[in-house]
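# Descriptive analysis of the structure
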Amino acid sequence: MENESKFEQAAREVSLLNINEIMDSSDGKIYFRIPQYQRGYAWGTKQFDDLWQDIILINNSNNKKNHYTGMLTLQPGNDYSSEDLDKKNDDKLFYVVDGQQRLTTIFILIACVIQYAQKYNWHEFDCQVKQNQVLYEYYKPFLTYSKKRSEKDKKVLESIFFNNTEVDEITYYGQNLLNARNFFNKKIESECGNDIDKLNNLYNTITNNLVFNILAIGSNDEKQDNDSNQDFNINI
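Residues numbered from 1 in each chain as written. Predicted model: local features only at pLDDT ≥ 70, side-chain atom pairs only at ≥ 80, totals over all residues. Heavy atoms only, no water.

## Quick notes on the pattern of salt bridges
Short version of the rule: Basic side-chain nitrogens of Lys or Arg form a salt bridge, by our definition, when they fall within 4 Å of a carboxyl oxygen of Asp or Glu. Strands here mean DSSP runs of E at least two residues long; helices mean DSSP runs of H or I at least four residues long; both are numbered from the N terminus. Per-residue accessibility, obtained with a 1.4 Å probe over protein chains only, is compared with the maximum for each type, and a residue is labelled buried under 20%, exposed over 50%, and partly exposed between these values.
For the coordinates displayed, the defined rule picks out two salt bridges. The partner of Asp50 in a salt bridge is Lys46, with the nearest N and O atoms 3.0 Å apart. Taken together, the residues Asp50 and Lys46, both in helix H3 (residues 45–59) and four residues apart, mark about one turn of the helix. Overall, the relative accessible area of 59% leaves Lys46 in the exposed class. With a shortest N-O distance of 3.1 Å, Lys152 and Glu169 are connected by a salt bridge. Placement of Lys152 in helix H6 (residues 151–161) and of Glu169 in the loop between H6 and helix H7 (172–192) is noted, with a sequence separation of 17 residues between them. Residue classification places Lys152 among the partly exposed positions, given a relative accessible area of 36%.

What follows is the structure, given as structure tokens:
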């Protein structure tokens, strides 16, 4: 289709894309929302370690190969109000129907890598450029929420993305998010130390060599998202 991004084409054709390609839109930005009916963030140490070991295996290889990360099933959304997205600027919103655990974890890992470079003031890492390309633009996270999700967990995830430690109250799922950040912070320090080249190599592995199978399903809108809110204690 005319003016279709590589991401949108892949979603229509069920194709493999890495993180850089997923976030690349021909015009506006790509934003993801976790729908209300999805369960909260449930990954723990075993899942973190499995992902990390896969990344390190690729990272330390002389001939880097892509690693299949799983299916990312998306549903186009039309409600731009709660995220302050700009439809006029061709910002694109997708509900994450399947794959939110993996996608959230990888976004947290990328945030940890970027903040590690910022902590050591490594300007060569080009933090701001990479940060805007992959995670957020103008303080709007690329990974967003259904309107009725827990504000507490929303604040936890945003504190991770924006490196803000001020979180008043933490839920069970919010603690899982913080556990992911703490796990990857320790692993990054152990793997990279004070070597900027190692950190750059790790970042490139995460964003270029982890690939998702992208599948788009029927469109969604605000009414469907609101109607899906049942009596579930589910938060990201």
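Resuming the write-up.
## What about the nonpolar core?
If you look at soluble globular proteins, the nonpolar side chains tend to sit buried side by side. Stated formally: For the purposes of this section, nonpolar cores are sets of buried Ala, Val, Leu, Ile, Met, Phe, Trp, Tyr and Cys residues that join through side-chain atoms within 4.5 Å. Throughout, a residue-residue contact means that at least one pair of heavy atoms, one from each residue, lies within 4.5 Å.
In terms of nonpolar packing, the biggest core is built from 54 residues, with Phe32 and Ile188 touching the most fellow members. Of all the elements, helix H4 (residues 100–119) adds the most residues to this core, at 12 residues. When neighbours within four sequence positions are excluded, Ile188 is seen to be in contact with Trp52, Leu109, Cys112, Val113, Tyr116, Gly193, Leu199 and Leu202.

## What about the confidence of the model for the protein?
Spelled out, the test is: Looking at any residue, its pLDDT shows the predictor's confidence there, from 0 to 100.
For the protein, the mean per-residue pLDDT works out to 77, and 69% of the residues sit at or above 70. Put simply, helix H9 (residues 222–227) is where the protein has its lowest mean pLDDT, 40, and H3 is where it has its highest, 97. Ignoring residues within four places in sequence, the model shows residues 220–236, a span with pLDDT below 50, making 53 contacts including any to other chains.

## Digging into the packing of H6 against H7
Between two packed helices, the angle of one axis relative to the other and the distance separating the axes together describe the packing. Heads up, the condition is: Orientation is described by lines fitted to C-alpha atoms, with helices fitted over the stretch in contact, and by angles between N-to-C directions that extend from 0 to 180 degrees. Throughout, the term roughly parallel applies to angles under 35 degrees, roughly antiparallel to angles over 145, roughly perpendicular to angles from 65 to 115, and oblique to all others. The residue classification treats Ala, Val, Leu, Ile, Met, Phe, Trp, Tyr, Cys and Pro as nonpolar and Asp, Glu, Lys and Arg as charged. All others, Gly included, are polar.
Direction vectors running N to C along H6 and H7 enclose 10°, while the axes themselves pass 9 Å from each other. On the basis of their axis angle, the class for H6 and H7 is roughly parallel. Between H6 and H7, the residues in contact are Asp153, Val156, Leu157 and Ile160 and Tyr173, Gly174, Leu177, Leu178 and Arg181, respectively. Partitioned by chemical class, the residues of the contact of H6 with H7 number six nonpolar, one polar and two charged.

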